[in-house]
Amino acid sequence: MDTRREKIIAITSGKGGVGKSSIVTNLAYILAAKNKKTCIVDADLSLGNIDIFFGMIPKFNIKDLIEGKKSISEIMVEGPNNIKIIPATSGIVELSNLTEEQRNILMFSLQELDGYDFLLVDTPAGISSNVVYFNSISNDIFIVVTPDPASIADSYAVIKVLCNKTGRKDFNIIVNMVKDEQEALSVYKKILSVSDQFLDVYLDFLGFIPLDANIRQATKKQKLWVEHFPETHATKALIKICNKLVS
Ligand SMILES: Nc1ncnc2c1ncn2[C@@H]1O[C@H](COP(=O)(O)OP(=O)(O)OP(=O)(O)O)[C@@H](O)[C@H]1O
Ligand SMILES: [Mg+2]
């Protein structure tokens, strides 16, 4: 009997810089505060920066794991609320397209992780083979999009590629950096109308996060905004999204 209980969630996007890592790190904090055992996998293998969001300088990273030099428990670091982090590394070009063998090492290592409620996988932006791979091994796929027309167009493109290459049909949309729910819903409806026309997929509106100056301020200081601004609009919005995951 498969006794594994963790849910693997890939957080992905078409365009870069839309807030994936910001959402992953802060969502992990809220989940962990709710006593959900949470691990973040920095799957941006060549430009990973999850450690920076936590103000950490890990000694080892996923490269050491993939090269067989360290085990997953040796590269894992611990963040606030007991969040576990599998750090990546910046500037390692050779990891931007994992080989079959490297994927197997990674897959076996992730299977060694036991007893987690959530594995949050922060993927790179775009439609590289790594992006397709990490989405394919996840239970749920979250697509982060902003009102920027380029982000909307690229979200559609990434959904199309993921659907074609992995056969996945269910996608959860988080609209970030909006004025209010109305703007978020209008972004969601734009993606929905194109995908309804051309793709056989189901897009769920998971929620939105307002454009919030406190996020930038916290990020600059390498602090989590949910921790340092518990009353700010963005924190309340992310708690709403989190409640949907744990209910
Ligand atoms: N709702 C928001 N309001 C204001 N600033 C935000 C919001 N969401 C994210 N940001 C800021 O946007 C910037 C980019 O965020 P982040 O690094 O999380 O994006 P990303 O999608 O992970 O980027 P990449 O594709 O490069 O990995 C950060 O400076 C972050 O603080
Ligand atoms: Mg990122």
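Whatever comes next refers back to the structure up there.
Notes on the structure follow.

Parameters at a glance
- Residues numbered from 1 in each chain as written.
- Chains lettered and ligands numbered in written order.
- Predicted model: local features only at pLDDT ≥ 70, side-chain atom pairs only at ≥ 80, totals over all residues.
- Helix = DSSP H or I, 4+ residues; strand = E, 2+ residues; numbered from the N terminus.
- Rg over C-alpha atoms; globule rule 2.2 N^0.38 Å.
- Buried ≥ 20, exposed ≤ 12 C-beta atoms within 10 Å, placed from the backbone.
- Contact = placed C-beta atoms within 7 Å.
- Near = placed C-beta within 6 Å.
- Nonpolar A, V, L, I, M, F, W, Y, C, P; charged D, E, K, R; others polar.
- Core = buried A, V, L, I, M, F, W, Y, C linked by C-beta atoms within 7 Å.
- Axes fitted to C-alpha atoms, helices over the stretch in contact; angles between N-to-C directions.
- Left-handed = near helix turned anticlockwise from the far one by under 90°.
- Parallel < 35°, antiparallel > 145°, perpendicular 65-115°, else oblique.
- Pairing = 2+ DSSP bridges.
- Right-handed = clockwise from strand over helix to strand, strands pointing away.

1. Examining the overall build of the protein chain
Here's step 1: Looking only at helices and strands, one finds eleven helices and eight strands in the protein chain.
Here's step 2: For the protein chain, the C-alpha radius of gyration of 17 Å lies close to 18 Å, the compact-globule estimate for 247 residues.
Here's step 3: Based on the C-alpha atoms only, the size of the protein chain along its principal axes is roughly 50 × 40 × 40 Å.
Here's step 4: The proportion of buried residues among the 247 residues of the protein chain is 44%.
Here's step 5: In the protein chain, of all internal contacts separated by at least 6 residues, the share reaching a separation of at least 24 is 77%.

2. Observations regarding the site of ligand 1
Here's step 1: In the vicinity of ligand 1 lie 19 residues, with G16, G19, S21, S22 and T219 positioned nearest.
Here's step 2: Secondary-structure elements contributing two or more residues to the shell around ligand 1 are α1 (20–33), β7 (170–178) and α9 (213–220).
Here's step 3: When the residues that make up the shell around ligand 1 are grouped by side-chain class, the tally is seven nonpolar, eight polar and four charged.

3. Concerning the nonpolar core
Here's step 1: One finds I40, L120 and V121 to be the most contacted residues of the largest nonpolar core, which totals 72 residues.
Here's step 2: If one sorts the elements of this core by residue count, α1 sits on top with eight residues.
Here's step 3: Those residues in contact with I40, other than ones at most four positions away along the chain, are V24, T25, A28, I50, I83, I85, I86, L120 and D122.

4. Things to note about the packing of α1 against helix α11 (residues 233–246)
Here's step 1: Running from N to C, α1 and α11 point in directions that differ by 60 degrees, and their axes come no closer than 10 Å. As for the relative orientation of α1 and α11, their crossing is right-handed in sense. On the side of α1, the interface is formed by N26, L27, I30 and L31, while α11 contributes L238, I239 and C242.
Here's step 2: Partitioned by chemical class, the residues of the contact of α1 with α11 number six nonpolar, one polar and no charged.

5. Digging into the packing of helix α6 (residues 129–136) against helix α7 (residues 149–166)
Here's step 1: One way to put it is that α6 packs onto α7 with a least axis distance of 10 Å and a crossing angle of 65 degrees. One way to sum up the angle between α6 and α7 is to call them roughly perpendicular. Where α6 crosses over α7, the handedness of that crossing is right-handed. Taking contact as the criterion, the partners of V132, N135 and S136 in α6 are, on α7, V161, L162, K165 and T166.
Here's step 2: Taken together, the residues of the contact of α6 with α7 sort by class into three nonpolar, three polar and one charged.

6. What to know about α6
Here's step 1: Among the residues of α6, N130, V131, Y133, F134 and N135 are the ones counted as buried.
Here's step 2: If you follow the buried residues of α6, they end up packed against β1 (7–13), α5 (100–112), β5 (118–125), β6 (140–145) and α7.

7. Here we look at the pairing of β5
Here's step 1: Counted residue by residue, β5 has eight buried out of eight residues, so it is predominantly covered.
Here's step 2: One ladder, built from six bridges, connects β1 with β5; its direction is parallel. Across the sheet, I8 pairs through a bridge with L119, a residue of β5.
Here's step 3: Of the pairings in the sheet, the one linking strand β2 (residues 38–42) to β5 comprises five bridges and is parallel in character. Paired with C39 across the bridge in β5 is L119.

8. Considerations on the sheet that holds β2
Here's step 1: In space, the eight strands of this open sheet follow the order β3-β4-β2-β5-β1-β6-β7-β8, with mixed pairing throughout. Among the strands making up the open sheet, the edge pair consists of β3 (77–78) and β8 (202–210).
Here's step 2: Its contacts with the sheet put α7 on β1, β6 and β7, and the angle it makes with β6 is roughly 160 degrees.
Here's step 3: Its contacts with the sheet put helix α8 (residues 181–198) on β6, β7 and β8, and the angle it makes with β7 is roughly 140 degrees.

9. Thoughts on the pairing of β8
Here's step 1: Where β7 meets β8, eight bridges bridge the pair, whose relative direction is parallel. Along β8, the bridge assignment pairs N176 with I209.
Here's step 2: Tracing the backbone out of β7, into α8 and back to the parallel element β8 gives a crossover that is right-handed.

10. Quick word on unusual backbone geometry
Here's step 1: In this model, N35 sits at a positive phi of 65 degrees, which is unusual for a non-glycine residue.
Here's step 2: By the element assignment, N35 lies in the loop between α1 and β2.
Here's step 3: Residue N35 is classed as exposed on the basis of its C-beta count, with 11 C-beta atoms lying within 10 Å.
Here's step 4: Phi is positive for M177, which is not a glycine, with a value near 60 degrees.
Here's step 5: A count of 23 C-beta atoms within 10 Å places M177 in the buried class.

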